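# Inside the fold
Residue strings, one per chain:
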Amino acid sequence: MYLQFLNFVSLMRNPLFCVFFCFPFILLSQVSISGVVIDASTDKPLPFATVKTSSSSYALSSSEGEFTIRCNQQPIDLIFSYVGYKTKTLQIKESSDKKIKVFLSPSEEKLPAVNLKTTQNIASNIIKEAIKRKNDNNSNTSLTSYRYKSYHKFKITEDNEAKLDTPDTTNVAIERIINESHSFLSEKVSEHLFSKKTGKKETVLASRMTGFKKPVYDVLAIKIQSSSLYTEDYTIFNNKYVGPLSNRALKNYYYKVLDTTQSPNPAFVILFQPRKTKKYASLEGVLYIDRETLAIQKAIIELRGELDVMAMHDFKYMTNQKIWFPSRQEISIRPGIGRQKVSLFGGQISVGSLAKNQKTFTGNNNFLISTTDVFDLQINPALKIKQGAAAIQISPEATTRSEKFWNQYRTSAMTEKDINSFGVVDSIVKAQNIERKIKVLQSFGLGYFPVGFFNFDLTYPIKYNNYEGVRIGVGGMTNTNFSRRLRLEGYLAYGFRDSRSKFGLGGGILLRKKSNSWLNINYTDDISEVGSFQYLTDRRVYSLFEPRLVNIDFYYKHRTWRTGLQHQIFPKLLSETELSVSNINQTSSYRFLNEGNAFSAYKIAEATLALRWSPFSKFLKTPKGIQEIQEGYPKVTAQYTRGLKGIFDSNFNYNKLGIKAEYVINRINLSKTSLLFEADLAIGDVPLTHLYHAYPNAPTKETVLQRFSVAGRRTFETMFFGEFFSDKLATLQIKHAIPPVQIAHWLKPELVFISRYAVGDIENVENHQGVTFNSLQQLYQESGIEINKLFAGFGLSFAYRYGAYHLSTFADNLSFKFTFYLKL
């Protein structure tokens, strides 16, 4: 028994164990006064009423009239006021768990005259005029350039002081852990540059996070809160809503003048509320609109529902430029009434209201708060910003700044709780091995599983296709734990049907860290699909299922040496060049007739240049490299390949050109339209192995159910394998997804409408012997629907083939498959 007690005490010394073991017994005491402000004449709540204390504490009621205000002593006087109503004072003698009700009686007050043509709806006309003038008031459109520094603090913490039911010494220690530190804390000092020509750039001068020796850069890329209120969309933690001054604002929001202010500049205080219960137009709050310029002086924004959000924006008047410039912004996010949560690091640290928590906790007072202060502002300075530079750049010294540097730039002092957080959270992160979990999650999204210095490739363990049957393998590459400048890679696989091993070996050397320039060399002995075409700069896409792979049976064997150079010319332009030599052999009876010779085995030498341009994407540049943090469209990829006859005894001369453009429209109502256009051209003596197909995905089987398999992301579902090959090919794919339909909290299916088109041609068909196929001289058409995410990521796909290549039997034109979309 004594040994068991010692073991328990040993565990209790672990702060993390204490927190998670004893949380179910925590009760959160109330140190604040809560209530609701009500119209005495209508018995309806008054939104955004002012609540003050005799000690100058200040709060606004919510959109539903509810308020919470903290007080340090009792009794205390609370003063309630609302435009058009009589001010009321209540004395609170002692705290109570019950919410108080405050009834305000209407009084007749006249608003000052408004200098607008019509006065039928004062608030709507003020907003209408403010929208017209927003380009004059928005610093990003009215100023030529500016620069400033900012201090940003971000934390997840307990709203109130925690108390335990029992007073033993162990629980006292747990109270100290919870009350004297935050769950997570980060701070950042940045310099911001803006010019109309190049846009806005941020350089992070200093950054640190509790629990992590080096920042998790993904957190720096999260857009917690919009910095401007003049844009069409307002962002809260990467979710978009209709902005209160967007061009669509009057259609989505109702406006009402609440009050006027006289200092520092006269302003209208205008309430805005959603007209309809739309998720994308569910903001409400108050805007302080300058009476002269109709610019925003201050804003308070609220969002209630699955999460409770309160955002504030303060502006400073720049006398010379006659413009209100952002000076401070703050946002707090608390658990709401639903199951949604805001999480960091794959859910390791979160704010939210989960069902299991609601059963265990008497309250979930974990909340997120983010504040940003602006200082050292310069208007219209001479700036030199590189075109195409990363939107956010991390200074190499950002993580090693001294306390003297931090004290120089902090706009708010570090509290004792802030300082304690670094030690306590460090121990929690270490005990839970959270850094390891984050690394695994990040690698898994790319299809790797890290173990020590090696990342195992998750695409290798087991596959199936119609040529090899079951294929098993193992492979991967070294990571930065092995070396930051050298990487080694390789794989070994075996196909049971063809009874043949395949392998690949290679490596790379980092030539220039700044541009992420790698010189690579590798050797591969494997098979490839006939007619497939890959862009060198395409990002690796990992899927648990490789839909087309199951049904492919037309391959060729190759033994290939490759050497290439990856180079990021600038963040928005990626390049890759490659030289390769391949020995090709067939797995079928195919022969290529060229200059009187029928080739079944041949040698090919190629030189390839590929470029990918992402002009509207935003990038983060860190000491580790460059990563895309916000996808922008269009994205354009181009690739040129030259076949070199006579080089290393290569047999053929040819030229190949491919271009691909992708455009995606993400709408604020969560609908989405995507277009993918691709055009390919091959000129010269090109064997079928190196021509093009349109990515068919229909197995050559008799019935619809026999053809039931996995639908692809960019494949023609009704086009049969081996049906068409081309040396000139153009394809267009259009998808439109309507907003997800919520049937239950776990069932939100997505309906997608799809149309695909292809046209092409091929010259000298007679040179390709031993196989039978058609050309795409006429337009190939198919349309269908997908019902995605019905259960555990699985859904259904239906497609129908029509037009010039419509088949005589109805069932042969029909495709019925399942889809799979894994959300990490």
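Please read these numbers as outputs of a predicted model, since none were measured by experiment. Each chain has its residues counted from 1, following the order in which its sequence is written. For a predicted model such as this one, the threshold for reporting local features is a pLDDT of at least 70, and the threshold for listing and counting side-chain atom pairs is 80 or more; totals across whole chains, interfaces and linings nevertheless cover every residue. Excluded from the side-chain calculation are hydrogens and water; included are all heavy atoms of the structure.

## Some thoughts on the environment of Thr-480
Spelled out, the test is: Elements are defined by DSSP. Helices are runs of H or I of four residues or more, strands are runs of E of two residues or more, and each kind is numbered from the N terminus. Using a 1.4 Å probe on the protein chains alone, a residue whose accessible area is under 20% of its type maximum counts as buried, one over 50% counts as exposed, and one in between counts as partly exposed.
Structurally, Thr-480 can be placed in the loop between strand E28 (469-478) and strand E29 (486-495). Residue class for Thr-480 comes out partly exposed when judged on its relative accessible area of 45%. Sequence separation between Thr-480 and Gly-452 is 28 residues; the distance between their C-alpha atoms is 9.7 Å.

## Here we look at the nonpolar core
Threshold: The definition of a nonpolar core used throughout is a set of buried Ala, Val, Leu, Ile, Met, Phe, Trp, Tyr and Cys residues joined through side-chain atoms within 4.5 Å. Contacts were defined at the residue level, with two residues in contact if any of their heavy atoms lie within 4.5 Å.
In terms of nonpolar packing, the biggest core is built from 57 residues, with Ile-236, Ile-270 and Leu-283 touching the most fellow members. When residues of this core are assigned to their parent elements, the largest contribution, 5 residues, is made by helix H3 (residues 122-132). Not counting residues within four places of it along the chain, the set of residues in contact with Ile-236 comprises Lys-223, Ile-224, Tyr-241, Leu-283, Leu-303, Val-309, Ile-331 and Ile-333. Among the nonpolar cores identified, the runner-up in size contains 30 residues, and Val-530, Phe-554, Leu-688 and Ile-762 belong to it.

## Structural notes on H3
Among all positions in H3, only Ala-123, Ser-124, Asn-125, Ile-126, Ile-127, Ala-130 and Ile-131 are buried. The inward-facing, buried residues of H3 contact helix H4 (134-137), helix H8 (249-252), strand E15 (253-261), strand E16 (267-274) and strand E17 (284-290).

## Side note on the side chain of Glu-284
Here Glu-284 shows up in strand E17. Residue class for Glu-284 comes out buried when judged on its relative accessible area of 11%. The contacts of Glu-284, once residues within four sequence positions are left out, are Phe-48, Ser-63, Phe-272, Gln-273, Pro-274, Ile-300, Ile-301 and Glu-302.

## Description of the pairing of strand E47 (residues 780-791)
Quick reminder of the rule: Strand pairing is assigned whenever DSSP identifies at least 2 bridges connecting the two strands.
Two elements, strand E45 (residues 750-761) and E47, share 9 bridges in a ladder whose sense is antiparallel. When the bridges of E47 are listed, Ala-758 appears paired with Tyr-780. Inspection of the sheet shows E47 paired to strand E48 (residues 794-803) by 9 bridges, in the antiparallel sense. For Ile-787, the partnering residue across the bridge sits in E48 and is Leu-796. Here E47 folds back onto E48, and the loop between the two strands holds 2 residues, one of which, Ala-792, carries a positive phi near 50 degrees.

## Notes on unusual backbone geometry
For the bond from Tyr-633 to Pro-634, the omega torsion is 5 degrees, close enough to zero to count as cis. Among the structural elements, Pro-634 can be located in the loop between strand E38 (625-630) and strand E39 (635-643). Of note in this structure, Asn-380 is not a glycine but carries a positive phi near 55 degrees. Here Asn-380 is to be found in the loop between strand E23 (366-379) and strand E24 (392-394). The phi angle at Lys-789 is positive, at roughly 60 degrees, despite the residue not being glycine. Assignment of secondary structure puts Lys-789 in strand E47.

## Observations concerning the sheet that holds strand E8 (residues 100-104)
Put simply, the rule is: Simply put, an axis is a line fit to the C-alpha atoms, just over the touching stretch for a helix, and the angle between two N-to-C directions goes from 0 to 180 degrees.
Taking strand neighbours across the sheet as the criterion, the 3 strands line up as E5-E2-E8 in an open arrangement whose pairing is mixed. Whereas interior strands pair on both sides, the edge strands pair on one side only; in this sheet they are strand E5 (66-70) and E8. Taken over all neighbouring pairs, the strand axes of this sheet differ in orientation by 35 degrees on average, direction set aside. Of the strand pairs in this sheet, strand E2 (residues 32-39) and E8 are connected by 5 bridges, and their pairing is parallel. Counterpart to Val-36 in the pairing with E8 is Lys-101.

## What about empty space enclosed by the protein?
Empty space among the atoms becomes apparent when a probe as large as a water molecule is rolled across them. The cut-off we apply is this: Here a cavity means grid points, on a 1 Å grid over the protein atoms only, where a 1.4 Å probe fits yet cannot get out; a pocket means an open set of points with protein on both sides within 12 Å along at least five of seven lines; lining residues are those with an atom within 4 Å of a point. Grid points are joined across faces, edges and corners, and a volume is the space filled by probe spheres set on the points. Residues are grouped as follows: nonpolar covers Ala, Val, Leu, Ile, Met, Phe, Trp, Tyr, Cys and Pro; charged covers Asp, Glu, Lys and Arg; every other residue, Gly included, is treated as polar.
Tallied over the entire structure, the rule returns 3 cavities of 30 Å³ or more. A volume near 90 Å³ is recorded for the largest cavity. At the level of secondary structure, the elements contributing two or more residues to the lining of the largest cavity comprise strand E41 (672-684) and strand E44 (728-737). Grouping the amino acids of the lining of the largest cavity by side-chain chemistry returns 5 nonpolar, 3 polar and 3 charged.

## Remarks on the environment of Glu-782
Stated precisely, the cut-off is as follows: Any pair of nitrogen or oxygen atoms within 3.5 Å is treated as a polar contact; in protein, a donor-acceptor pairing is required on top of that, and neighbouring residues in sequence qualify only through side-chain atoms on both sides.
For Glu-782, the position within the fold is in strand E47. Since its relative accessible area comes to 1%, Glu-782 is described here as buried. Between the alpha carbons of Glu-782 and Tyr-757 there is a distance of 6.8 Å; along the sequence they are 25 residues apart. Discounting residues that sit within four places of it in the chain, Glu-782 has contacts with Thr-715, Phe-716, Glu-717, Thr-718, Met-719, Ile-754, Ser-755, Arg-756, Tyr-800, Arg-801 and Tyr-802. Within the structure, the side chain of Glu-782 is placed 2.9 Å from the backbone nitrogen of Glu-717, a separation counted as a polar contact.

## Things to note about the environment of Arg-707
Tracing the backbone shows Arg-707 in the loop between strand E42 (696-698) and strand E43 (716-720). In this structure the C-alpha to C-alpha distance between Arg-707 and Leu-814, which are 107 residues apart in sequence, comes to 9.6 Å. Arg-707 has contacts with Pro-699, Lys-701, Glu-702, Phe-720, Ala-811, Asp-812, Leu-814 and Lys-817, leaving out every residue within four places of it along the chain.

## A look at the sheet that holds strand E46 (residues 768-769)
Ordered by their spatial adjacency, 3 strands build an open sheet running E35-E34-E46, and the pairing between neighbours is antiparallel. Looking along the sheet, the strands with just one partner apiece sit at the ends: strand E35 (597-599) and E46. In this structure, strand E34 (residues 591-594) lies alongside E35, joined through 3 bridges in antiparallel fashion. When the bridges of E35 are listed, Asn-594 appears paired with Asn-597.

## Some thoughts on the pairing of E2
Extensive coverage of E2 is indicated by the burial of 7 of its 8 residues. Across 5 bridges, the pairing between E2 and E5 is antiparallel. If you follow Val-36 over to E5, its bridge partner there is Glu-66.

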